[in-house]
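Commentary on secondary and tertiary structure
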Amino acid sequence: MADGEKKFQPSGTLKPGSYVLIDNEPCQVKDAEKSKPGKHGAAKIKVTAMGIFKDSKKSLMKPTDDDAEVPIIEKGRAQVVAVMGETVQIMDLQDYKSYDLPKPKDIQGLSGGVEVEYIKWGSNIRITSTKKA
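Because the structure is a prediction, the values reported are computed rather than measured. (Residues numbered from 1 in each chain as written. Predicted model: local features only at pLDDT ≥ 70, side-chain atom pairs only at ≥ 80, totals over all residues. Heavy atoms only, no water.)

**Let's talk about the sheet that holds strand 11 (residues 124-130)**
Strand pairing within a sheet occurs via backbone hydrogen bonds; the two strands may be parallel or antiparallel. Applied cut-off: Between any two strands, at least two bridges found by DSSP are needed for them to pair. Here a strand is any run of E in DSSP of at least two residues, a helix any run of H or I of at least four, and the numbering for each starts at the N terminus. Between N-to-C directions, angles cover 0 to 180 degrees, with each direction set by a line fitted to C-alpha atoms, over the stretch in contact for helices.
Pairing within the open sheet is antiparallel, and its 5 strands lie in the order 9-8-7-10-11. For this open sheet the edge positions go to strand 9 (98-102) and strand 11, each flanked by a neighbour on one side alone. Averaged over all adjacent pairs, the angle separating strand axes in this sheet is 40°, with direction ignored. Here strand 8 (residues 87-92) runs beside strand 9; their pairing, made up of 5 bridges, is antiparallel. Across the sheet, residue Gln89 finds its bridge partner in strand 9, namely Asp100.

Listed below in structure tokens is the structure:
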């Protein structure tokens, strides 16, 4: 898996919907629970997240003042060039680069000429939605 850019932020600031790297895999936070500081320790945060590019559930537990790695996710718009079996070819509408991606199972209506939104981190790309005309 090729790495994209990342930044660091205190893990206590993670909220549902934000992104975090767990085991070097970009994930979207689904739940974040903070515990109170104990007699001998700092407050901790327990994060449950889903992988963005691989649909895998991940969890992370660390002190709230420790830094968490946060992937810098790029968003873009593209047009579907072709659908070839389980592969979709899209072309970015800004720089006209083409990408071949696995066809997402959760998005319907992909065909030539349809405009889509996608997210990118390093060499990982995923279509997130189709754009309504």
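**Some words on the packing of aromatic side chains**
Note the threshold: Under the pairing criterion, centres of Phe, Tyr and Trp rings, with the six-membered ring standing for Trp, must be within 6.5 Å; the plane angle then separates stacked pairs below 30 degrees from edge-to-face pairs above 60, leaving the rest tilted. Three labels apply to residues, based on accessible area from a 1.4 Å probe with only protein chains included: buried if under 20% of the type maximum, exposed if over 50%, partly exposed otherwise in between.
This structure, assessed with the given rule, holds 1 aromatic pair. Here Tyr99 and Tyr118 contribute two aromatic rings whose centre-to-centre distance is 6.2 Å and whose plane-to-plane angle is 50°, an arrangement assigned as tilted. A residue pair is termed long-range when its members are at least 10 positions apart, and Tyr99 in strand 9 and Tyr118 in strand 10 (residues 115-121) qualify at 19 residues. Neither Tyr99 nor Tyr118 differs from the other in exposure class; each is buried.

**Observations concerning the layout of surface pockets**
Operational definition: With a 1 Å grid laid over protein atoms only, a set of points is called a cavity when a 1.4 Å probe fits there but cannot get out and a pocket when it is open yet has protein on both sides within 12 Å along at least five of seven lines; lining residues have an atom within 4 Å of a point. Grid points are joined across faces, edges and corners, and a volume is the space filled by probe spheres set on the points. Ten residue types, Ala, Val, Leu, Ile, Met, Phe, Trp, Tyr, Cys and Pro, are classed as nonpolar, four, Asp, Glu, Lys and Arg, as charged, and the remainder, Gly among them, as polar.
Estimated volume of the largest pocket: approximately 410 Å³. Forming the boundary of the largest pocket are 17 residues, of which Phe53, Pro102, Pro104, Ile125 and Arg126 lie nearest the centre. Where the lining of the largest pocket is concerned, the elements lending two or more residues are strand 9 and strand 11. A total of 4 residues in the lining of the largest pocket trace back to one element, the largest contributor, which is strand 11. Considering only residue class, the lining of the largest pocket consists of 7 nonpolar, 2 polar and 8 charged. Tyr19, Gln28, Lys30, Met50, Gly51, Ile52, Asp55, Ile119, Arg126 and Thr128 together form the lining of the second largest pocket.

**What to know about the sheet that holds strand 4 (residues 44-51)**
Taken together, the 4 strands give an open sheet; going across it, the order is 2-3-4-5, and neighbouring strands pair in antiparallel fashion. For this open sheet the edge positions go to strand 2 (19-22) and strand 5 (57-63), each flanked by a neighbour on one side alone. Strand-to-strand twist of the sheet, defined as the mean angle between neighbouring strand axes without regard to direction, takes the value 45°. As paired elements, strand 3 (residues 25-34) and strand 4 share 7 bridges and run antiparallel to each other. Residue pairing for strand 4: Ala32 is matched across the bridge by Val47.

**Regarding the environment of Lys58**
Just so we agree on the cut-off: Polar contacts, as counted here, are pairs of nitrogen or oxygen atoms within 3.5 Å of one another; within protein the pair requires one atom able to donate a hydrogen and one able to accept it, and residues that are adjacent in sequence qualify only if both atoms are side-chain atoms.
Its place among the elements puts Lys58 in strand 5. Given the relative accessible area of 19%, Lys58 is considered buried. Distance in space between the C-alpha atoms of Lys58 and Lys97 is 32 Å, their sequence separation being 39 residues. Of the polar contacts made by the side chain of Lys58, one reaches the side chain of Asp23; its length is 3.5 Å.

**Regarding the nonpolar core**
For the record, the criterion: Residues belong to a common nonpolar core when they are buried Ala, Val, Leu, Ile, Met, Phe, Trp, Tyr or Cys residues joined through side-chain atoms within 4.5 Å.
Ranked by internal contacts, the top residues of the largest apolar core, which has 13 residues, are Val80, Ile90, Leu110, Val116 and Ile127. Counting 11 residues, the second largest nonpolar core, distinct from the first, contains Val20, Ile22, Val47 and Leu60.

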